[in-house]
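Coordinates in review
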Amino acid sequence: MTTERPRFRLGFLTHVQGRDDDIARTYRNAQELFVVADELGFDVGWVAQHHVPLGGGGLSSPWTFLAHAAARTTRIRLGTAITVLPLEDPVRLAEDIATVDTLSGGRVELGVGSGSSEVEYAAFGKDVARKRELTSENLDIVRQALGRREVGTPGFRIQPRPGEFNDRVWQGVFSEQGAEYAAQGGANLLLNRAAYGFDAPTDEVQRPWADAYLAAWDQPRRPRIGLSRFVFPAKDRRTALQAIGDDVHRAALRMAEHGAFPKGLDQDEALRRFHSFYGHPEEIVAALGQEKVLPVATDLITQFNPAVPDHDAAVRALELIATEVAPALGWKPAPTAATVSAGV
């Protein structure tokens, strides 16, 4: 194994939500974020899959969405965080992944997980009690298909011919045991922006998971840890709170109804529970400097969810992340083909 640490990559994640019922506009705005992020030098753009509608949107068909994003961008990688794997036919899913990867020039990152919605499982005729087992079974089949091996029946291999996916599969986990399992399977690790069911800060909860993942890793390549965090920079803390505070508070109260958070949270506690980084870029950089998982992460995946800022505010936040926050943390945009050929 090489001793060189993988390059720190910058990503953003959208849950594809808007402020109203104009879903077409919500989807157009989400596509525009990919274009903006591509121009700003973000390394990866991620989408989350939700079959049950979210407020103002939600994305049931991420690979169709990413195929469109592939046509509108040139360099940014395209991923799911996550595809709800037990609800997919794994062979069909592998065909979709291979198609988007071919159309995008090999830019796909596959993040998978089990999801949690009982309604979604019922709608697809799946047993939610078997979600971990189904995730493992389907991931094995997807890996076989993307590995150009026979699946389903002798002599059948998916088309188009997949690229190399050994280092492009990610698994979302919510426990130390899950992190160890991901490592043993050779998947990169995805950590959520909040640790539900815990009173301790999210990074204190998740750092042992990351350490367990690294300890269990035995592959010849370097592991990757994708750290999803709520990051919303603005000109000052008050402006940021005006854009995100009420949304985060409402989301925390909804989560409390299902037992993920305690009931009766105020706005400040809601922001803490979602491990939120907001305010002036310098404030965010200072706060992220104390983040306990970031030192072992290879990918910082920024997101605004559960807030749904106006589109212009979201674009401005992406700009501040790429130009002020991430560079202060040591990130540099990957060189483009043009800069390499020019010797820059």
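Residues numbered from 1 in each chain as written. Predicted model: local features only at pLDDT ≥ 70, side-chain atom pairs only at ≥ 80, totals over all residues. Heavy atoms only, no water.

Some remarks on the overall build of the protein
Across its full length, the protein holds twelve helices and nine strands. With the C-alpha coordinates aligned to their principal axes, the bounding extent of the protein is approximately 60 × 55 × 45 Å. The buried share of the protein, taken over its 344 residues, is 51%. Put simply, 75% of the contacts in the protein that link residues at least 6 apart link residues at least 24 apart. For the protein, the accessible surface area stands at approximately 15600 Å², while carbon and sulfur atoms represent 50% of it. (Helix = DSSP H or I, 4+ residues; strand = E, 2+ residues; numbered from the N terminus. Buried < 20%, exposed > 50% of the residue type's maximum accessible area, 1.4 Å probe, protein only. Contact = heavy atoms within 4.5 Å. Areas by Shrake-Rupley, 256 points an atom, 1.4 Å probe, with all protein chains shown as cover.)

Overview of the packing of helix H1 (residues 23-40) against helix H2 (residues 62-72)
In contact at an axis separation of 9 Å, H1 and H2 are set at 45° when each is read in the N-to-C sense. Of the possible angle classes, the one that applies to H1 and H2 is oblique. Crossing hand, H1 versus H2: right-handed. The residues of H2 that touch H1, namely those facing Tyr27, Ala30, Gln31, Glu32, Phe34 and Val35, are Phe65, Leu66, His68, Ala69 and Arg72. Considering only residue class, the contact of H1 with H2 consists of seven nonpolar, two polar and two charged. (Axes fitted to C-alpha atoms, helices over the stretch in contact; angles between N-to-C directions. Parallel < 35°, antiparallel > 145°, perpendicular 65-115°, else oblique. Left-handed = near helix turned anticlockwise from the far one by under 90°. Nonpolar A, V, L, I, M, F, W, Y, C, P; charged D, E, K, R; others polar.)

Description of the pattern of salt bridges
This model, assessed by the stated rule, comprises 23 salt bridges. Measuring nitrogen to oxygen at the nearest pair gives 3.3 Å for the salt bridge that ties Glu319 to Arg316. With Glu319 and Arg316 both in helix H11 (residues 311-328) and three residues apart, the pair spans about one turn of that helix. Overall, the relative accessible area of 28% leaves Glu319 in the partly exposed class. (Salt bridge = Lys/Arg side-chain N within 4 Å of Asp/Glu carboxyl O.)

Section: the side chain of Asn188
Positionally, Asn188 belongs in strand S6 (residues 188-191). Judged by its relative accessible area of 0%, Asn188 falls in the buried class. There is a polar contact of 3.1 Å between the side chain of Asn188 and the side chain of Arg221. Those residues in contact with Asn188, other than ones at most four positions away along the chain, are Asp167, Arg168, Val169, Trp170, Gln171, Tyr213, Arg221, Pro223 and Arg224. (Polar contact = N/O pair within 3.5 Å; in protein donor to acceptor, adjacent residues only side chain to side chain.)

Re the nonpolar core
One recurring pattern in soluble globular proteins is that nonpolar side chains are buried together. In terms of nonpolar packing, the biggest core is built from 89 residues, with Phe42, Ile97 and Leu191 touching the most fellow members. If you tally residues by element for this core, the top one is H11, at eight residues. Core analysis: the second largest hydrophobic core is formed by twelve residues, Val44, Ala81, Trp170 and Ile301 among them. (Core = buried A, V, L, I, M, F, W, Y, C linked by side-chain atoms within 4.5 Å.)

Observations concerning the pairing of strand S7 (residues 225-233)
Counting buried positions over the nine residues of S7 gives nine, a clear majority of the element. Both faces of S7 are covered, namely the face carrying Ile225, Leu227, Arg229, Val231 and Pro233 and the face carrying Gly226, Ser228, Phe230 and Phe232. In this structure, S6 lies alongside S7, joined through three bridges in parallel fashion. Opposite Leu189, over in S7, you have Ile225 as the bridge partner. Bridge count for S7 against strand S9 (residues 299-303) is five bridges, and the pairing is parallel. Its bridge partner lying in S9, Leu227 is registered against Leu300. Note that S7 and strand S8 (residues 277-279) share three bridges and pair parallel. In the strand pairing of S8, Val231 is matched with Phe277. (Pairing = 2+ DSSP bridges.)

Quick word on the pairing of S9
With five of its five residues buried, S9 lies for the most part within the structure. In terms of strand pairing, strand S1 (residues 9-14) meets S9 through five bridges, oriented parallel. Bridge pairing in S9 links Arg9 to Asp299.

Quick notes on the confidence of the model for the protein
A low pLDDT score tells you not to read the predicted coordinates there in detail. Residue-level pLDDT values for the protein average 94, and 96% of them are 70 or greater. Within the model, pLDDT remains below 50 along residues 337-344, and this stretch shows two contacts once partners closer than five positions in the same chain are excluded. (pLDDT = per-residue confidence, 0-100.)

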